[in-house]
Amino acid sequence: MPVLDQDPSKDSGGSDGLPKLPLPALKDTLDLYLRCMKHLLTEEQFNKTKIIVEQFGAPGGVGELLQSKLEERRENKANWVYEYWLNDMYLNNRLSLPVNSSPVMVFPQQNFRAPIDSLRFAAHLISGVLEYKTLLDARALPVDYARGQLAGTPLCMEQYYRLFTSYRLPGPERDTLVAQESSVMPEPEHIIVACKNQFFVLDVVINFRRLNERDLLTQLERIAKMAESEEERLPPIGLLTSDGRTEWAESRSVLMRESTNRDSLDMIERCLCLVCLDEATGPELCDTTRAMLMLHGGGVAKNSGNRWYDKPMQFVIGADGCCGVVCEHSPFEGIVLVQCTEYLLKYMIGSPSKLVRAASVSDLHAPRRLRWKCTPEIHKLLASSADKLQRQVKNLDMNVHKFYDYGKEFIKKQKMSPDAYIQVALQLAYYRCHGRPVSTYESASIRRFQEGRVDNIRSATPEALAFSKAMTDGKPSASDAEKMEMLRGAITAQTKYTIQAITGTAIDNHLIGLRDIAQELKMEKPEMFKDEAYLISNQFILSTSQVPTTVEMFCCYGPVVPNGYGACYNPQSDHIIFCVSSFRDSPQSCSAEFVKCLVQGLLDMRDLCNKFNCSSSTGQKQGQTLETNMQSDKNWQIKVPQRPTDLSKNQQTLPQVVLKTPGQSTMEAQTQTPSQGETQALKNGSK
């Protein structure tokens, strides 16, 4: 079920044979940094910043010294920025994982008519996980290949091999991404099932034989029954993992004092993944409600304690049909999450449930409930974690909007890239809402290079600002023809920056490297990284990501700054799914208002394009290859869902997954959800 170009005949060993990530020239990065920031600063701020940047880049200055040290680092490491980037984006971040960092995939609404239906769904899904894990263990995943710009370039596959073998261990100042190596410890052969805030060990391999679906269902039924026992019920320890990372590290050290707790933590930390059997939460299950339930579990009284947020993959299966995946983001990007999830959902469609035919493992032992020894101190920590999570649940302002007026096919007919077009629409929406441009994050894959993760496409270009002003300010000076040229100019600028980012010559990773190698050398922090402009540049008030799917599901995440928006979008042939998030306690943001401005902008842009049908070749070439750089790499047409007011009347039999037929190429640049690591700049003076 590949979404990218893949060649099954080639070994998917990871980074072998890929080039190293380039190190951009210092002058190029500093010049581009000033260009990116000029229109986001006051004249006074910019003049000060320009002097600081020129001093940093002066011949024989600090910048040249740090650049030479990065050049040495590039010689000695597979990827010169990977560790710096991982720490900055994720592991140094002290904010809690739910909403702030962990993205989710929301599956199509399922129609479970009886409790056994959700368990059958879970058993079938686990079978798919085990099939996928077999491919990973054999290094048999076909290699992904880039399309469009640098078409045919093989892509680094290392992220796939962290899906089921890694764990984010909390630390007092910095977390650790733990990778389980079979040479050090045995490969995990169990899954943790969460049910009613209790955790159970489900062995999926017994006597070197993988459990079949019938056995998995039997064990899940046993777990559901065991979880019903009131007298056996233990406190919801999973809530501790929803706290800030420093607080969770402290709580974990308290738990570790007891051997019972150490054993339970070890079983969770070494498992393949979590399967969370959630209780029904209420009658209203619209897209927005399901998105919020997936992001935070709905609160302490619902399913928020039925999680363990440090594990990369948590499959959530609600008794009410609310299903999806919660992803801890540090081991891999969104494209890997999408590829794995789509494999599983397509496996469930293409591989009929095998509940009858296969022979069972005889004498299955009952699954084991994990035990916790809870002192008064732990109960106090649980109460504190629960209180903070409740505040987070109340604070999230989510809006999932399916825009049906047109989709990417209309945009491509204008000879424009759908991703660049939508990015310009997001800039227009923010300007309409707030009357100013802001630092914007859109992730760009750098998997063309060894151990490549992402860099940032800075979508708040001067050209996008000029277009937004012309469309918004109501001045008669700009004619429709001029507005159309401005739109083309904005898309050209977005395209140019995208290509720079995916080829390793954008500025964000380079600036992280320069800043962090100075710290490594125990130098005083360069003035450039203490400058207000640098803090502003990394306060991503608009955090965006395109996550296209070939199955009718969608991705969402929270904002990365207190006054910001998270804006995830999924362009389909004739509609676009937008997931916009903000925080209610910020007077500067409102998801519904942003969506309203976004819809109006998309309609205005359509009307403008229709007036100037882009059939002439003049100025049109920029759109022809852009899409190949910014989506996940292969388009599929989608069956458009109806717009019923009551979705429950339109359910299919399990699993309800809508597939698309193959279409045209898309691109591999943007399926990463930015974390809140940048937010820490305001607290500690680093990005």
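Residues numbered from 1 in each chain as written. Predicted model: local features only at pLDDT ≥ 70, side-chain atom pairs only at ≥ 80, totals over all residues. Heavy atoms only, no water.

**Student:** Help me out: how do you make sense of the UniProt feature "active site" (unreviewed entry) in the protein chain in this one?
**Tutor:** Taking the UniProt record as the reference, the feature "active site" (unreviewed entry) is found at H329. Tracing the sequence through the fold places H329 in the loop between β12 (323-327) and α10 (334-350). H329 sits in the buried class, given a relative accessible area of 0%. Engagement of the side chain of H329 in a polar contact is seen with the side chain of Y90, the distance being 3.4 Å. (UniProt positions renumbered as here; feature names shortened; annotations may be inferred. Helix = DSSP H or I, 4+ residues; strand = E, 2+ residues; numbered from the N terminus. Buried < 20%, exposed > 50% of the residue type's maximum accessible area, 1.4 Å probe, protein only. Polar contact = N/O pair within 3.5 Å; in protein donor to acceptor, adjacent residues only side chain to side chain.)

**Student:** Just checking my understanding: could you explain the sheet that holds strand β20 (residues 576-583) for this structure?
**Tutor:** Whether parallel or antiparallel, the strands of a sheet pair through hydrogen bonds between backbone atoms. The strand order β14-β20-β19-β17-β15-β16 describes an open sheet built from six strands, whose pairing is mixed. Of all strands in the sheet, those with a lone pairing partner are β14 (396-403) and β16 (454-457), marking the two edges. The mean angle between the axes of side-by-side strands here comes to 25°, regardless of whether they run parallel or antiparallel. Bridge count between strand β15 (residues 440-445) and strand β17 (residues 542-546): three bridges; the pairing is parallel. When the bridges of β17 are listed, E442 appears paired with T544. With respect to the sheet, helix α11 (residues 376-395) is in contact with β14 and β20, its orientation differing from that of β14 by roughly 40°. (Pairing = 2+ DSSP bridges. Axes fitted to C-alpha atoms, helices over the stretch in contact; angles between N-to-C directions. Contact = heavy atoms within 4.5 Å.)

**Student:** Just checking my understanding: could you explain the pairing of strand β5 (residues 176-179) for this structure?
**Tutor:** For a regular strand, side-chain orientation follows a simple rule: the groups alternate between the two sheet faces. Note: strand β4 (residues 166-169) against β5, four bridges, orientation antiparallel. Opposite L169, over in β5, you have T176 as the bridge partner. What sits between the antiparallel neighbours β4 and β5 is a turn of six residues.

**Student:** How should I be thinking about the packing of helix α13 (residues 418-434) against helix α18 (residues 591-611) in this particular structure?
**Tutor:** Axes are the key here: two packed helices are described by the angle between their axes and the distance separating the axes. Where α13 contacts α18, the axes come no closer than 8 Å and their chain directions differ by 125°. Looking at the two axes, α13 sits oblique to α18. Crossing geometry of α13 relative to α18 is assigned as right-handed. Across the interface between the two elements, Y421, V424, A425, L426, L428, A429, Y430, R432 and C433 from α13 touch E593, F594, C597, L598, Q600, G601, L602, D604, M605, R606 and C609 from α18. Broken down by class, the residue content of the contact of α13 with α18 amounts to 14 nonpolar, two polar and four charged. (Parallel < 35°, antiparallel > 145°, perpendicular 65-115°, else oblique. Left-handed = near helix turned anticlockwise from the far one by under 90°. Nonpolar A, V, L, I, M, F, W, Y, C, P; charged D, E, K, R; others polar.)

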